[in-house]
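Tertiary structure, described
What follows is the residue order along each chain.
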There are 12 protein chains.
Amino acid sequence: MKLFIINGPNLNLIGKRETNIYGKQSFDDYFINLIKKYPDIDFGYFQTNSEGEIIDKLQSKDFSEDGIILNAGAYTHTSIAIADTIAGIKTPVIEVHISNIFRRESFRHKSFIAPFCKGCISGFGLNSYRLAVEYFLLKSK
Amino acid sequence: MKLFIINGPNLNLIGKRETNIYGKQSFDDYFINLIKKYPDIDFGYFQTNSEGEIIDKLQSKDFSEDGIILNAGAYTHTSIAIADTIAGIKTPVIEVHISNIFRRESFRHKSFIAPFCKGCISGFGLNSYRLAVEYFLLKSK
Amino acid sequence: MKLFIINGPNLNLIGKRETNIYGKQSFDDYFINLIKKYPDIDFGYFQTNSEGEIIDKLQSKDFSEDGIILNAGAYTHTSIAIADTIAGIKTPVIEVHISNIFRRESFRHKSFIAPFCKGCISGFGLNSYRLAVEYFLLKSK
Amino acid sequence: MKLFIINGPNLNLIGKRETNIYGKQSFDDYFINLIKKYPDIDFGYFQTNSEGEIIDKLQSKDFSEDGIILNAGAYTHTSIAIADTIAGIKTPVIEVHISNIFRRESFRHKSFIAPFCKGCISGFGLNSYRLAVEYFLLKSK
Amino acid sequence: MKLFIINGPNLNLIGKRETNIYGKQSFDDYFINLIKKYPDIDFGYFQTNSEGEIIDKLQSKDFSEDGIILNAGAYTHTSIAIADTIAGIKTPVIEVHISNIFRRESFRHKSFIAPFCKGCISGFGLNSYRLAVEYFLLKSK
Amino acid sequence: MKLFIINGPNLNLIGKRETNIYGKQSFDDYFINLIKKYPDIDFGYFQTNSEGEIIDKLQSKDFSEDGIILNAGAYTHTSIAIADTIAGIKTPVIEVHISNIFRRESFRHKSFIAPFCKGCISGFGLNSYRLAVEYFLLKSK
Amino acid sequence: MKLFIINGPNLNLIGKRETNIYGKQSFDDYFINLIKKYPDIDFGYFQTNSEGEIIDKLQSKDFSEDGIILNAGAYTHTSIAIADTIAGIKTPVIEVHISNIFRRESFRHKSFIAPFCKGCISGFGLNSYRLAVEYFLLKSK
Amino acid sequence: MKLFIINGPNLNLIGKRETNIYGKQSFDDYFINLIKKYPDIDFGYFQTNSEGEIIDKLQSKDFSEDGIILNAGAYTHTSIAIADTIAGIKTPVIEVHISNIFRRESFRHKSFIAPFCKGCISGFGLNSYRLAVEYFLLKSK
Amino acid sequence: MKLFIINGPNLNLIGKRETNIYGKQSFDDYFINLIKKYPDIDFGYFQTNSEGEIIDKLQSKDFSEDGIILNAGAYTHTSIAIADTIAGIKTPVIEVHISNIFRRESFRHKSFIAPFCKGCISGFGLNSYRLAVEYFLLKSK
Amino acid sequence: MKLFIINGPNLNLIGKRETNIYGKQSFDDYFINLIKKYPDIDFGYFQTNSEGEIIDKLQSKDFSEDGIILNAGAYTHTSIAIADTIAGIKTPVIEVHISNIFRRESFRHKSFIAPFCKGCISGFGLNSYRLAVEYFLLKSK
Amino acid sequence: MKLFIINGPNLNLIGKRETNIYGKQSFDDYFINLIKKYPDIDFGYFQTNSEGEIIDKLQSKDFSEDGIILNAGAYTHTSIAIADTIAGIKTPVIEVHISNIFRRESFRHKSFIAPFCKGCISGFGLNSYRLAVEYFLLKSK
Amino acid sequence: MKLFIINGPNLNLIGKRETNIYGKQSFDDYFINLIKKYPDIDFGYFQTNSEGEIIDKLQSKDFSEDGIILNAGAYTHTSIAIADTIAGIKTPVIEVHISNIFRRESFRHKSFIAPFCKGCISGFGLNSYRLAVEYFLLKSK
């Protein structure tokens, strides 16, 4: 099984700043653990601060992956363009969030991409990614 | 580990009606499978169509469980009272939804309970419950 | 033909209080007249102030009735849960109101259940119920 | 008893176009059947696509009829002028709709005329007109 | 000086119905008095229930009158088309209302035509028309 | 007949600044002309930039005047307090505006005081005051 | 004098959880003190998490009490049905809140029941109930 | 190929008034040029200020034309009735506007008819009509 | 104990006008009775129609009083400035209203000052002030 | 004549995915046909998924082209930045859309760029581009 | 150069209360330092809690100053009257705020005066005033 | 002291186009003057039309600068992603705007980044940047 993780803007800062909120583990470290936990899964990973590059990557990964795990960061709440891409590709996409976005400012309660994703997992810290992996494992059985 | 599942209004109809949407498996059958899959977890289960009884059950299960998995059904979108109960109890509560609520009518996009839950899992069919169980397993390690 | 009437909150007060608005006839008296008027119809009747019990009754009466006449009272304007039940059952449901709800406060103009009912009859006093009966008679011919 | 039916814009297309929605019976055919069903009622009928002509007809029919059955079509949702006319005349007016307007676009959920009509009947197909007739019969007894 | 008065929908009912609100004087009687009061003014008058005919009349009266006094009735609150006509013609138009529209339903507080009229006079009963006449006299001096 | 004119904030600037909009005549000069035009009327006049002083003056002038002409300036759009005063006093109050407030920013379209005034006259320049005087003359006959 | 206190959802948790907010005194303890303070008043008390049971109790207590003190908890903000009951009964109802609801989330600023209650007292902790008692004492003198 | 052009309210004023905005060419002159430019097309043309007559014409031209070019003027923004007609007829309708409606007042940004038209062309002056003709030519090839 | 009562705009009219609503007792008379009822309390009183003077008084009374009872009248609904003052001073302020503001126009349902006051008492007539006094007595014990 | 076509996000997917909606022709194929159809026009073409690159290209193409045809895709509805660029450059820009955006989700009805474009063409499939070309041809004559 | 500083409601409390937010320096002390820092500037200063007095002062200082620095406090968000004054006077006005108003309640994000001021400086503590002074210095060079 | 200036979309056009609004000085020329004016400050500068590159630059400049001056252009009003970056970095950021954004379209009145910046300076032309520099100088003393 091939799974690809795409992280959007500012998610490269995790573990480095605002550690009281996001904890002290960087996503790179977390990703290494993830690979170890699931030796049978072929993982890929990409982070960018650019809306356009998320679209480019989603398009290029279509057909080559069994599933995409997307944390679009703040673009979740503003990008119709990313939503359109998800609607246009065949590979199932799962929306994940580290924090519980419904506890935060009201402009974070709106997700443009949610209607086009398979499902949404939010609020479980970095474990949100792992639950998404578990879903793909469940589905593939 | 003790986990308690609470299902709200109309979730007793799953597998019996609108099977094109929700599939042919009833929640009772699914629950039996869940118990078998996780022999080390002590599961409890309760379904009601009454907002007040959801509150009663949440209050009575506080302190006696390690986690609560709540699918409040339509009360998700209208009940401040259930939200207050979740805020008032100590046991962590996970909000789950079978369908992707963001693909449906706009009045289903608002969740009063989300800000007070640990996290939210929606759109994965009955697997949403299982991902919630997985989270409690991950956390307990 | 079997028809079941469900009355929601405060409709047990009709004929007892606010008689200047609702008249001096209680629903119980009206119901007796209705039975006499239509000797060939097998009527059932249930009143409750509880949202959950309306849902319970709608679910239990599915398949056993030819039609349901529902005056959900104030839950008309707030209950997505009752709306979901109507959407989930097979028996046709007609929404009735004694008063013209569009002459009253703006929060009474919104009906969550209307989109899922066969049709709506409002403003004809207790005759609203009788017109609903007439519809089922017309349809059954 | 004299009853007058007024049909607003596009209701002359019924039975001719969009027959999958509105059925294959034209209103003219339906009207002939209605006359036959109620030989003791003196029916009149008028259709127009013009807002002003609905107002003209409502004004001219005041005092000469026992009741008016009005399907204002799309003007239901936009015409304060027709609402004012209904408020100004003495003859009771019943608002009818063939389709369940609450299942359709949200701009059809607002009725400017409803607060000024005796009552509203919607969603019963062409039978909506007949239920209105039944009401006038009930009232006249 | 030539002045033309245009009355919109339902203003032909004044003095005939709802006399507790609008008084017992019809506009026709009022108009005769107006002519007598101002023998030097050449008055014209037109009433219609049709939005389109108000537009037709406004267009045809442009250039031939010194001023137009318009009570567009309910079209005041819904007609962008009449507003466009006023914007397009040269003759100054004064908006008048018999009742104080700001004491009534909120949908009557919006006037589409007001921004394009010279000014607005509302709430003075039939005297609103006379104050409009006085303005044209003041201006012509 | 005794009439009192109250001018609100910034109306003391008329004729002095923004003369392209309001003309070169100050309200003081206009007021002198008004007195001359109507020798039989006993006029009073007060200008203030303070919301509280408008209320004080309205209260103190009640019973001693036959009518009050109020241009509340920007307080028209923000002051519920002035509206309450007008509702509480017996002397009829007419709302006047020099400019056509409906041609300006949308926050100027709302008048808190309009529902409690006898009527409203706007858009006729300083002649708006004179039309208000004319109304009191008409009414006194 | 007979007074009845009705407490809505989650008010049975007071003094047990979130003691930093609500203090360490349970309502049961408070109620015992209240009875002692006013030996001449015949107090009754009922708590429920169910909207329908609040309605049942309000209806059954009508005519048998001199006053009802209602803390509807979160149903304050969502229940039109409870509002209708208060409107329909004769016994005066006072709305009380322990916390200052206007300092909290905006969805708590709306009270459906307030327009139908005699008055509202909020923000005084458990003393809010006592002030309501004082009002009934003042009124009864 | 047969094409029919329908122009709504105030479009008869083009070239006569507000020539700084709409230019000095009347639609009649433009129409003559259009006929000359496309000798193989059988053109028809109708202008009215009445909403009802636009509906009448749309209904009567159905089946007899290959395409309809509609500039509904201000009714674009207010008429659900015209929208219903377009939805009900078979002949494809193209919405055109002379000016760029998105540069004007916000109430002109909403088009009730757009969802039911084949497409929309706005902002190209009288050339908007010609582009619509070009579309029908392209489609017919 | 020292308590200071501040009354805002138009509250000097109580007992003098609109006596059908507010009763025939002036606040001055009520205040004399209040002083007699509570001989141990040192009362002060101030009324003004000016927003600024309410702020001045609140600032000057800080530190010198044990409590302030504020009926800000219409400024309740419009004054952020008074709200800021209450937030800035140390003396607890109680918001009182004579009428039930939630039964009145919707613009009276919003209180800018409520979040910064200790609590709110509304709807008990002049007794609202007395209940506020009772609270300060309860608290001081 | 030199014309430049800019396509925004996801428009590179046309003809490849969702072919039931957009048809089986890719834009590249369409573009080749376009070049052949208009041999006298010097066409350029650019596609990007990045908002910033659309701005870069619009800026760089100013002065060097006679016209720009822009399908900004989803950025149409969210990008004030692209709107600012169009406002800032001299070359006329035409907004085109393949689908009828007014038939789709309401968030697609808003165009930030429309007020700054020469005009808008939507709903004609790939022919929307060709109609834009036709406009530039008409204008250049 | 002559500069005049106007401070609105509650700004006299700075340095005295809520010192954790605003610091321990009073504006009077700050003002003395400001005078010392810029010996060549002729400063004036005025503080009031009254909206009307801000207007009076702005009007009286027009023509006599080179610039006005205005911190209108809470009136920033509610006063159209002050906005009108700024629009009417010639002397440039700069809006300053001590705190970052965009971090606070949403009703503080709206400034009625901003569109009429030269510019806005907020969030720099008392240094906001000094930056305004720097602007006038820059401009005068 | 090290200060870094980041300019967002279209700010490279300043001085080149729309010179009637923004003046004839390009930012590059202005920047050279700024460097000369403050020889002790180590300035850096970056302009981009891409939202993602603004984020990249803000992240990379954290820790290496004493302050950042950000004119995010149109992204000010749409970018939650940039706001998140500012919230995540340690270096203080000042928001500047050349024009008075509150005089322009209402969609420019909303700033997503303002709550996370130290302060905001708008409306002073290119001097807005210089005032920001002055603030950092004041703070560093």
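You'll find the structure just up there.
Residues numbered from 1 in each chain as written. Chains lettered and ligands numbered in written order. Predicted model: local features only at pLDDT ≥ 70, side-chain atom pairs only at ≥ 80, totals over all residues. Heavy atoms only, no water.

1. Remarks on the overall build of chain A
When you go through chain A residue by residue, the secondary structure sums to 5 helices and 5 strands. The helix and strand sequence of chain A, counted from the amino end, reads β-α-α-β-α-β-α-β-β-α. Whereas a compact globule of 141 residues would reach a radius of gyration of roughly 14 Å, chain A reaches 14 Å, a difference of no more than 12%. Across its three principal directions, the C-alpha atoms of chain A cover 35 × 35 × 25 Å. In the form shown here, chain A has an accessible surface area of approximately 5,100 Å², with 49% of it arising from carbon and sulfur atoms. Averaging the locations of the 17 positively and 15 negatively charged side chains of chain A gives two centres separated by 6 Å. (Helix = DSSP H or I, 4+ residues; strand = E, 2+ residues; numbered from the N terminus. Rg over C-alpha atoms; globule rule 2.2 N^0.38 Å. Areas by Shrake-Rupley, 256 points an atom, 1.4 Å probe, with all protein chains shown as cover. Lys, Arg positive; Asp, Glu negative; His and termini not counted. Charge placed at Lys NZ, Arg CZ, Asp CG, Glu CD.)

2. Looking at helix 2 (residues 27-37) of chain L
Residues and elements named next belong to chain L. Every buried residue belonging to helix 2 is among Phe27, Tyr30, Phe31 and Leu34, and all of these are buried. Projected onto a plane normal to the axis of helix 2, the buried residues spread over an arc of 100 degrees and lie on a single side. Of the surrounding elements, those touching the buried residues of helix 2 are strand 1 (2-7), strand 2 (42-47) and helix 5 (127-140). (Buried < 20%, exposed > 50% of the residue type's maximum accessible area, 1.4 Å probe, protein only. Arc of directions from axis to C-beta. Contact = heavy atoms within 4.5 Å.)

3. Thoughts on the arrangement of the chains
Between chain A and chain D there is no contact; the minimum C-alpha to C-alpha separation amounts to 20 Å. Chain C makes no contact with chain I; the smallest distance between any of their C-alpha atoms is 12 Å.

4. Details of the interface of chain I and chain F
Between chain I and chain F, the residue contacts involve 16 residues of the former and 17 residues of the latter. Roughly 1,300 Å² of surface becomes buried between chain I and chain F when both sides are summed, with 52% attributable to carbon and sulfur atoms. Counting every contact that joins chain I to chain F gives 1 salt bridge. Across the chain I-chain F interface, the total number found is 7 residue pairs in polar contact (both at pLDDT 80 or more). The residue makeup of the side of chain I that touches chain F, split by class, is 5 nonpolar, 6 polar and 5 charged. (Buried area = accessible area lost by both parts, 1.4 Å probe. Salt bridge = Lys/Arg side-chain N within 4 Å of Asp/Glu carboxyl O. Polar contact = N/O pair within 3.5 Å; in protein donor to acceptor, adjacent residues only side chain to side chain. Nonpolar A, V, L, I, M, F, W, Y, C, P; charged D, E, K, R; others polar.)

5. Overview of a negative patch on the surface
On the surface, a cluster of negative charge is made up of Glu53 and Asp56 of chain A, Glu53 and Asp56 of chain J together with Glu53 and Asp56 of chain L. Elements that contribute at least two residues to the negative patch include exactly helix 3 (51-61) of chain A, helix 3 (51-61) of chain J together with helix 3 (51-61) of chain L. Residue placement: Glu53 of chain L occurs in helix 3. (Patch = residues over 30% accessible without salt bridge, like charges linked within 9 Å, V, L, I, M, F, W, Y side chains within 5 Å.)

6. Focus: the relation of the copies chain I and chain F
The transformation that overlays chain I on chain F combines an axial shift of 0.0 Å with a rotation of 120 degrees, and the residual RMSD is 0.0 Å. These values place the two chain copies in the arrangement generated by a three-fold rotation axis. (Least-squares fit on C-alpha atoms with pLDDT ≥ 70 in both.)

7. Topic: the packing of aromatic side chains
Two measures describe an aromatic ring pair: the distance that separates the ring centres and the angle between the ring planes. Under the criterion given, the structure shown has 132 aromatic pairs over all chains. On the basis of an interplanar angle of 55 degrees and a centroid distance of 4.7 Å, the ring pair of Tyr135 of chain H and Phe124 of chain J is categorised as tilted. Taken as a pair, Tyr135 of chain H in helix 5 (residues 127-140) and Phe124 of chain J in the loop between strand 5 (119-122) and helix 5 (127-140) lie in two separate chains rather than in one. Accessibility assignment for this pair places Tyr135 of chain H and Phe124 of chain J in one class, buried. Of the aromatic side chains, those joined through ring pairs into one cluster are Phe27, Tyr30, Phe31, Tyr38, Phe43, Tyr45 and Tyr129 of chain A. Lying across the ring of Phe46 of chain A, Lys57 of chain A places its NZ or CZ 4.4 Å from the centre. Over the aromatic face of Phe112 of chain J sits the side chain of Lys110 of chain J, whose NZ or CZ is 4.8 Å from the ring centroid. (Phe/Tyr/Trp six-rings, centres within 6.5 Å; stacked < 30°, edge-to-face > 60°. Lys NZ or Arg CZ within 6 Å of the ring centre and 35° of its normal.)

8. Looking at the pairing of strand 3 (residues 67-71) of chain H
All names here are of chain H. In terms of burial, strand 3 is largely enclosed, as 5 of its 5 residues are buried. Burial of strand 3 is two-sided: the residues Gly67, Ile69 and Asn71 facing one way and the residues Ile68 and Leu70 facing the other way are all buried. In the sheet, strand 1 (residues 2-7) pairs with strand 3 via 5 bridges, with the strands oriented parallel. Counted as the bridge partner of Phe4 is Ile68 from strand 3. By the bridge criterion, 3 bridges tie strand 3 to strand 4 (residues 93-97) in an arrangement that is parallel. Each residue of the ladder has a partner; that of Ile68, found in strand 4, is Val93. For the crossover from strand 3 across helix 4 (residues 80-88) to strand 4, the handedness is right-handed. (Pairing = 2+ DSSP bridges. Right-handed = clockwise from strand over helix to strand, strands pointing away.)

9. Some words on the relation of the copies chain H and chain J
In the superposition of chain H on chain J (RMSD 0.0 Å, axial shift 0.0 Å), the rotation amounts to 180 degrees. Given the turn and translation reported, the copies of this chain are related as if by a two-fold rotation axis. When C-alpha distances to the rotation axis are compared across chain H, the minimum falls at Ile121 of chain H, with a value of 2.3 Å. Interface residue correspondence from chain H to chain J reaches 100%, placing this contact among same-surface, isologous pairings.

10. Notes on the sheet that holds strand 4 (residues 93-97) of chain I
As summarised here, the arrangement of the 10 strands in space is 2(G)-1(G)-3(G)-4(G)-5(G)-5(I)-4(I)-3(I)-1(I)-2(I), forming an open sheet in which the pairing is mixed. Looking at which strands have only one partner, the edges of the open sheet turn out to be strand 2 (42-47) of chain G together with strand 2 (42-47) of chain I. Between one strand axis and the next, the sheet turns by 20 degrees as a mean value, whatever way the strands run. Here helix 3 (residues 51-61) of chain G sits on the sheet and contacts strand 1 (2-7), strand 2, strand 3 (67-71) and strand 4 (93-97) of chain G; the angle it forms with strand 1 of chain G, its principal contact strand, is near 175 degrees. (Axes fitted to C-alpha atoms, helices over the stretch in contact; angles between N-to-C directions.)

11. Examining helix 5 (residues 127-140) of chain D
Residues and elements named next belong to chain D. For helix 5, spanning 14 residues, the distance from its first C-alpha to its last is 20 Å, which sits close to the expected 20 Å at 1.5 Å a residue. Among the 14 residues in helix 5, 10 count as buried, and that is most of the element. Residues of helix 5 that are buried: Ser128, Tyr129, Arg130, Leu131, Ala132, Val133, Glu134, Tyr135, Phe136 and Leu138. (Expected span 1.5 Å × (residues − 1).)

12. Regarding the side chain of Asn49 of chain K
Here Asn49 of chain K shows up in the loop between strand 2 (42-47) and helix 3 (51-61). For Asn49 of chain K, a relative accessible area of 4% puts it in the buried group. There is a polar contact of 3.4 Å between the side chain of Asn49 of chain K and the side chain of Gln59 of chain I. Here Asn10 of chain K takes part through its backbone nitrogen, which lies 3.0 Å from a polar atom of the side chain of Asn49 of chain K. Aside from chain neighbours lying at most four places away, what touches Asn49 of chain K is Gly52, Ile55, Asp56 and Gln59 of chain I together with Gly8, Pro9, Asn10, Asn12 and Tyr75 of chain K.

13. Focus: the pattern of salt bridges
In this structure the tally under the stated criterion is 36 salt bridges over all chains. With its nearest N and O atoms 2.8 Å apart, the salt bridge here joins Arg108 of chain A to Asp84 of chain L. Of this pair, Arg108 of chain A sits in the loop between strand 4 (93-97) and strand 5 (119-122) while Asp84 of chain L is found in helix 4 (residues 80-88), placing the two residues in two different chains. Accessibility expressed as a relative area gives 17% for Asp84 of chain L, which makes it buried. A salt bridge links Arg108 of chain L to Glu105 of chain L; its shortest N-O distance comes to 2.8 Å.

14. Here's the deal with unusual backbone geometry
All names here are of chain E. At Phe63, a residue that is not glycine, the phi angle is positive and equals roughly 80 degrees. You can see Phe63 is positioned in the loop between helix 3 (51-61) and strand 3 (67-71). Here Phe63 falls in the exposed class, since its relative accessible area comes to 60%.

15. Here we look at the sheet that holds strand 2 (residues 42-47) of chain F
Spatially, 2(E)-1(E)-3(E)-4(E)-5(E)-5(F)-4(F)-3(F)-1(F)-2(F) is the arrangement adopted by the 10 strands of the open sheet, whose pairing is mixed. Pairing within the sheet leaves two strands with one partner each, and these edge strands are strand 2 (42-47) of chain E together with strand 2 of chain F. Each adjacent strand pair in this sheet contributes to an overall mean axis angle of 20 degrees, direction not counted. Pairing between strand 1 (residues 2-7) of chain E and strand 2 of chain E: 6 bridges, direction parallel. Each residue of the ladder has a partner; that of Lys2 of chain E, found in strand 2 of chain E, is Asp42 of chain E. Its contacts with the sheet put helix 3 of chain E on strand 1, strand 2, strand 3 and strand 4 (93-97) of chain E, and the angle it makes with strand 1 of chain E is roughly 175 degrees.

16. What about the interface of chain H and chain J?
Contacts between the two partners involve 22 residues from chain H and, on the opposite side, 22 residues from chain J. Both faces combined, the contact of chain H with chain J buries some 2,100 Å², and carbon together with sulfur accounts for 62% of it. On the chain H side of the contact with chain J, Phe102, Phe124 and Leu138 of chain H bury the most area, a combined 29% of that side's loss. Summed over the shared surface of chain H and chain J, the number is 0 salt bridges. Viewed at the interface, chain J and chain H are joined by 10 residue pairs in polar contact (both at pLDDT 80 or more). Contributions of two or more residues to the side of chain H that touches chain J are made by strand 5 (119-122) and helix 5 of chain H. If one sorts the elements of the side of chain H that touches chain J by residue count, helix 5 of chain H sits on top with 6 residues. When grouped by side-chain class, the residues that make up the side of chain H that touches chain J number 12 nonpolar, 5 polar and 5 charged. In the sheet, strand 5 of chain H pairs with strand 5 of chain J via 3 bridges, with the strands oriented antiparallel. For Cys120 of chain H, the partnering residue across the bridge sits in strand 5 of chain J and is Ser122 of chain J.

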